Amino acid sequence: KQEKTLPNIVIIYADDLGYGDVGAYGAKNLPTPNMDKLANGGVRFTIGYATSATCSPSRFALLTGVYPWRNKRAKILPGTAPLIIDVNQETLPKMLKQQGYATGIVGKWHLGLGTGKVNWNEHISPGPNEVGFDYSYIMAATQDRVPTVYIENGDVLGLEADDPIEINYAENFEGEPTGKDNPEMLKMKWHHGHTSSIVNGIPRIGFMKGGEKAKWVDENMADTFLVRAQQYVKSHKEEPFFLYYALQQPHVPRTPHERFVGTSGMGPRGDVIVEADWCIGKFIKTLEAEGLLENTLIILTSDNGPVLNDGYYDDAVEKIGDHKVAGALRGGKYSLFEAGTRVPFITYWKGTIEPTTSDALVSQVDFYSSLANLVGSDSRENDSEDLLEVFMGKSQEGRSQLILEATTRTAFRQGDWAMIPPYNGPKVNKQVNIELGNLDDYGLYNLKEDIGQQQNLAAENSEKLKEMIAAFEAIRGTDYGKTEQLELK
Ligand code: NG6
Ligand code: CA
């Protein structure tokens with residue numbers, strides 16, 4: 001048993017898990033008993049947001065407490081991108097370290113590595129270990145992007161000196177097969193994007209050569225990350241620890257271990273959610289077995305909203321049935337509508353947090369200042385509100401307002417209202433079949449009465465609209481790329 005007062009902190013971060021994908025959030029046909037246990041035994045937030053509708057920006061804000069639109073480099077990154085967190089910047093793990101925490105990350109990184117061109121055959125730096133993590137066991141970018149290898153504390157695991165890794169996002173290496181030219185080698189077909197190197201029968205984004213022995217087996221990834229997360233807990237039980245457990249599911253390619261194939265009846269997307277839920281259950285069992293569950297704050301949430309077809313033919317669309325990945329919300333991943341950023345959002349601390357549902361407005365950008373308060377640090381970030389009482393379920397007073405982001409476009413939430421400025425660009429991303437929230441004129445929605453954003457009240461409530469635009473621009477400024485010729489009438 002731990003002899004200490006500071007609680008352990010674990011953030012379990014799913015990848016593309018939708019608001020409607022969890023039983024406790026209304027999913028009926030998809031069993032998620034372990035996520036439900038956290039939701040029903042902790043605070044289940046109904047209005048909790050990721051800072052962005054895509055991965056890298058949300059992760060940037062989660063770890064820094066700074067809105068991602070302040071950092072021009074915080075957008076979906078290729079596997080070769082340099083680190084987008086300044087090594088001198090304050091971060092959540094650094095702040096916790098200062099308070100005596102051991103800090104670890106296991107899972108998806110996707111915040112860039114190195115400073116320019118990375119040599120994957122040498123020690124890779126800077127990365128997670130240079131921005132506050134004592135221990136890191138990561139995939140560099142996404143499961144669909146090369147390099148498809150695990151990196152532990154800056155070194156590619158299993159790499160052999162006579163088979164060096166080369167990565168290129170612009171062009172292929174002479175003689176190497178690709179998803180585009182060698183469909184006969186594929187066990188999973190690409191729908192859009194994902195036409196480059198083939199690893200494990202799956203076509204990826206980006207070209208990779210060498211590193212044969214180091215390549216991951218997708219179907220084992222969930223177990224691999226789980227075991228590392230469990231090991232991290234076991235080896236740090238004598239001191240307060242922070243673990244960022246960044247699951248890869250249900251992002252593409254969806255590759256459930258054979259134990260989970262067919263378990264959801266919804267194809268691989270459902271199966272990997274069942275798998276992720278099982279991992280969460282196993283992980284909690286480990287905390288319990290080590291006597292740590294009552295001294296550990298667990299946060300479970302997702303980096304952005306859901307998508308069915310994100311570039312592979314994997315039956316996600318065909319087998320969805322009645323399941324509503326976004327619940328009653330409009331849009332999905334990449335969207336400025338609610339489903340882009342409003343996600344399952346749960347805080348759980350056995351014996352300390354009383355089970356409740358909270359309708360407070362909260363964001364992942366608030367973890368920094370709130371957790372600083374929890375651990376007795378004076379450090380705060382401007383964008384990050386100290387909502388510790390809200391996260392502990394003791395107060396329902398969340399933020400008054402929040403900037404929302406989707407692929408560099410921004411919108412605004414204040415009170416019950418959402419305001420979306422006009423943007424150029426397609427209304428629907430036809431490949432993924434998601435409404436992006438690009439409107440010809442301002443959108444104004446009362447989310448309390450119209451959670452599905454069906455009624456644009458901008459014209460009939462111009463006073464409210466004006467007030468929202470003013471409050472938005474006071475934070476965001478006016479240079480946010482809205483369609484210029486459309487002026488407020
Ligand atoms: C997109 C990919 C998509 C996914 C996404 C990143 C294409 C056509 N689509 O560019 O498959 O990888 O990037 O997702 O390449 S995220 O959750 O990491 O932001
Ligand atoms: Ca994601």
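Just so you know, these numbers come straight off a predicted model, no measurement behind them.

Chemist: How do you make sense of the sheet that holds strand β19 (residues 401-406) when you look at a structure like this?
Modeler: Adjacent strands of a sheet form backbone hydrogen bonds with each other and so pair up, either parallel or antiparallel. Spatial ordering of the open sheet is given by β19-β20-β21-β24, a layout of four strands whose pairing is antiparallel. The sheet is open, and its two edges are formed by β19 and β24 (443-446), each paired on a single side. The sheet shows a mean angle of 20 degrees between the axes of neighbouring strands, direction not considered. Contacting β19, β20 (409-414), β21 (417-420) and β24, helix α8 (residues 462-476) runs over the sheet at an angle of about 120 degrees to β20.

Chemist: Could you clarify how one ought to interpret the coordination of the calcium ion (ligand 2) in this entry?
Modeler: Put simply, the ideal angle at a metal is 109.5 degrees for four donors in tetrahedral geometry and 90 or 180 degrees for six donors in octahedral geometry. Protein coordination at the calcium ion (ligand 2): the donors are Asp15 (OD), Asp16 (OD), Asp303 (OD), Asp303 (OD) and Asn304 (OD1), at 2.2 to 2.7 Å from the metal. Seen from the calcium ion (ligand 2), its six donor atoms lie at angles of 51 to 171 degrees, and the figure they make is irregular. Mapping the donors of the calcium ion (ligand 2) onto the primary sequence yields the spacing D-D-x286-D-N. Residue aspartate 16 is located in the loop between β1 (8-14) and α1 (33-41), and its partner aspartate 303 is located in the loop between β14 (296-302) and β15 (312-313); the two are separated by 287 residues in the primary sequence.

Chemist: Teacher, can you tell me more about unusual backbone geometry here?
Modeler: Most peptide bonds take the trans configuration, and most residues that are not glycine carry a negative phi. In the segment running from serine 125 into proline 126, the intervening peptide bond is cis, with an omega of 0 degrees. Inspection of the secondary structure assignment puts proline 126 in the loop between β4 (102-108) and β5 (135-139). The peptide bond linking valine 146 to proline 147 adopts the cis configuration, its omega dihedral lying at 0 degrees. Residue placement: proline 147 occurs in the loop between β5 and β6 (150-152). The phi dihedral of histidine 194 is positive, around 55 degrees, even though this residue is not glycine. Along the polypeptide, histidine 194 turns up in the loop between β9 (189-190) and β10 (198-199).

Chemist: Sorry if this is basic, but what is going on with the packing of aromatic side chains here?
Modeler: Both the distance between ring centres and the angle between the ring planes are used here to describe each pair of aromatic rings. Counting across every chain of the model gives 22 aromatic pairs. Relative to tyrosine 244, the ring of tyrosine 13 lies with its centre 6.0 Å away and its plane at 55 degrees, an arrangement referred to as tilted. Of this pair, tyrosine 13 sits in strand β1 while tyrosine 244 sits in strand β13 (residues 241-246), placing them 231 residues apart in sequence. Each of the two residues, tyrosine 13 as well as tyrosine 244, counts as buried. With a centroid separation of 6.4 Å and an interplanar angle of 85 degrees, the aromatic rings of tryptophan 109 and phenylalanine 133 are classed as edge-to-face. Taken together, the residues tryptophan 109 in the loop between β4 and β5 and phenylalanine 133 in the loop between β4 and β5 connect sequence positions 24 residues apart. With a relative accessible area of 0%, tryptophan 109 lands in the buried category.

Chemist: Even after reading the chapter, I still don't get the nonpolar core, so can you show me in this structure?
Modeler: Nonpolar side chains in soluble globular proteins generally cluster together in the buried interior. Ranked by size, the top nonpolar core spans 109 residues in total, and within it Trp109, Leu243, Tyr244, Tyr245 and Phe283 carry the most contacts. In terms of residue count, helix α5 (residues 268-289) provides more of this core than any other element does, eight residues in total. Setting aside its immediate chain neighbours within four residues, tyrosine 245 contacts Ile11, Ile12, Tyr13, Val106, Phe225, Leu226, Ala229, Cys279 and Phe283. Membership of the second largest hydrophobic core comes to 33 residues, among which are Trp69, Leu336, Val365 and Leu447.

Chemist: Would you take a moment to explain the site of ligand 1 for this structure?
Modeler: Residues in close proximity to ligand 1 total 20 residues, the closest being Cys55, Asp144, Arg145, Asp310 and Lys333. Side-chain polar atom of arginine 145 to an oxygen atom of ligand 1: 2.7 Å apart, as the coordinates give it. Histidine 194 is positioned with one of its side-chain polar atoms (N or O) 3.2 Å from an oxygen atom of ligand 1. For ligand 1, the accessible surface in isolation is 450 Å², of which the surrounding protein chains cover 85%. Classifying every residue of the shell around ligand 1 by side-chain character gives five nonpolar, eight polar and seven charged.

Chemist: Could you clarify how one ought to interpret the environment of glycine 127 in this entry?
Modeler: Looking at the secondary structure, you find glycine 127 in the loop between β4 and β5. Considering only alpha carbons, one finds glycine 127 and valine 325, 198 residues apart in sequence, at a separation of 33 Å. Residues in contact with glycine 127, not counting those within four places in the same chain, are Leu83, Trp109 and Leu113.

About the cut-offs
- Residues numbered from 1 in each chain as written.
- Chains lettered and ligands numbered in written order.
- Predicted model: local features only at pLDDT ≥ 70, side-chain atom pairs only at ≥ 80, totals over all residues.
- Heavy atoms only, no water.
- Pairing = 2+ DSSP bridges.
- Helix = DSSP H or I, 4+ residues; strand = E, 2+ residues; numbered from the N terminus.
- Axes fitted to C-alpha atoms, helices over the stretch in contact; angles between N-to-C directions.
- Contact = heavy atoms within 4.5 Å.
- Donors = N, O, S within 2.8 Å, 3.2 Å for Na, K, Ca; no water.
- Tetrahedral: all angles 85-135°; square planar, octahedral: opposite > 155°, others 65-115°.
- Phe/Tyr/Trp six-rings, centres within 6.5 Å; stacked < 30°, edge-to-face > 60°.
- Buried < 20%, exposed > 50% of the residue type's maximum accessible area, 1.4 Å probe, protein only.
- Core = buried A, V, L, I, M, F, W, Y, C linked by side-chain atoms within 4.5 Å.
- Near = heavy atom within 4 Å.
- Polar contact = N/O pair within 3.5 Å; in protein donor to acceptor, adjacent residues only side chain to side chain.
- Areas by Shrake-Rupley, 256 points an atom, 1.4 Å probe, with all protein chains shown as cover.
- Nonpolar A, V, L, I, M, F, W, Y, C, P; charged D, E, K, R; others polar.

Shape descriptors only; they carry no functional weight alone.
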